[in-house]
Amino acid sequence: MYNAYPDNSDVAELRIVAIERIGLAIYGDLWIGKIASDIGIGHQKIRRWLAGKSNPGAHDLKLVLLVARYHAARVMRAIEAAP
């Protein structure tokens, strides 16, 4: 039966996958330290998420999404300013 409300482990997995995809898209292979710095946490925390030793919270994902929007807006301004 389909569960419309995933349990906490499913939500945590979705969050870390989203954070990883965004980090890779913005910074490439060296994304962990850079995105950690952007959201004000240590890179060790993100490594613990990736290893499944702890989970990112909703606030962590919101901060990463904010960083992604900032970078997207910066790129759009550069495109619009191009001759």
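First, a word on scope: everything that follows refers to the structure included in this document. Since the model is a prediction, treat every value here as computed from it, not as a measurement.

The rules behind each value
- Residues numbered from 1 in each chain as written.
- Predicted model: local features only at pLDDT ≥ 70, side-chain atom pairs only at ≥ 80, totals over all residues.
- Heavy atoms only, no water.
- Helix = DSSP H or I, 4+ residues; strand = E, 2+ residues; numbered from the N terminus.
- Rg over C-alpha atoms; globule rule 2.2 N^0.38 Å.
- Contact = heavy atoms within 4.5 Å.
- Areas by Shrake-Rupley, 256 points an atom, 1.4 Å probe, with all protein chains shown as cover.
- Lys, Arg positive; Asp, Glu negative; His and termini not counted.
- Charge placed at Lys NZ, Arg CZ, Asp CG, Glu CD.
- Buried < 20%, exposed > 50% of the residue type's maximum accessible area, 1.4 Å probe, protein only.
- Salt bridge = Lys/Arg side-chain N within 4 Å of Asp/Glu carboxyl O.
- Patch = residues over 30% accessible without salt bridge, like charges linked within 9 Å, V, L, I, M, F, W, Y side chains within 5 Å.
- Arc of directions from axis to C-beta.

1. Points about the overall build of the chain
1) Next: Counting its regular elements, the chain contains 4 helices and 0 strands.
2) Next: Secondary structure elements of the chain, listed N to C terminal, follow the sequence α-α-α-α.
3) Next: Rg of the C-alpha trace for the chain: 15 Å, well past the compact-globule value of 12 Å for 83 residues, more than 25% over.
4) Next: The principal-axis extent of the C-alpha atoms belonging to the chain is close to 55 × 30 × 20 Å.
5) Next: Sequence separation of at least 24 residues holds for 52% of the intrachain contacts in the chain that already meet a minimum separation of 6.
6) Next: Summed over all atoms, the accessible surface of the chain reaches about 6000 Å², with 57% contributed by carbon and sulfur.
7) Next: For the chain, the separation between the mean place of its 11 positive charges and that of its 8 negative charges on side chains is 6 Å.

2. So, the side chain of D60
1) Next: Note on placement: D60 falls in helix 4 (residues 58-81).
2) Next: Although D60 is buried, it forms no salt bridge, and the closest oppositely charged side chain is K45 at an N-O distance of 4.9 Å.
3) Next: With near-sequence residues (within four places) excluded, D60 lies in contact with I39 and W49.

3. Concerning the environment of G23
1) Next: Inspection of the secondary structure assignment puts G23 in helix 1 (residues 8-27).
2) Next: Sequence spacing of G23 and A81 is 58 residues, and the spatial spacing of their C-alpha atoms is 26 Å.
3) Next: The residues contacting G23, other than those within four sequence positions of it, are G28, W31 and I35.

4. Some details on a nonpolar patch on the surface
1) Next: On the surface, V75, M76 and I79 cluster together into a nonpolar patch covering about 270 Å² of accessible area.
2) Next: Within the element layout of this structure, I79 appears in helix 4.
3) Next: Given the relative accessible area of 52%, I79 is considered exposed.

5. What about helix 2 (residues 31-39)?
1) Next: Residues of helix 2 that are buried include every one of W31, I32, I35, A36 and I39, and no others. The buried side chains of helix 2 occupy one side of the element, clustering within an arc of 120 degrees when seen end-on.
2) Next: In this fold, the buried residues of helix 2 make contact with helix 1, helix 3 (43-51) and helix 4.
3) Next: Of the residues flanking the end of helix 2, it is G40, one or two places downstream, whose phi is positive at about 80 degrees.

Purely spatial values, then, with no claim about function.
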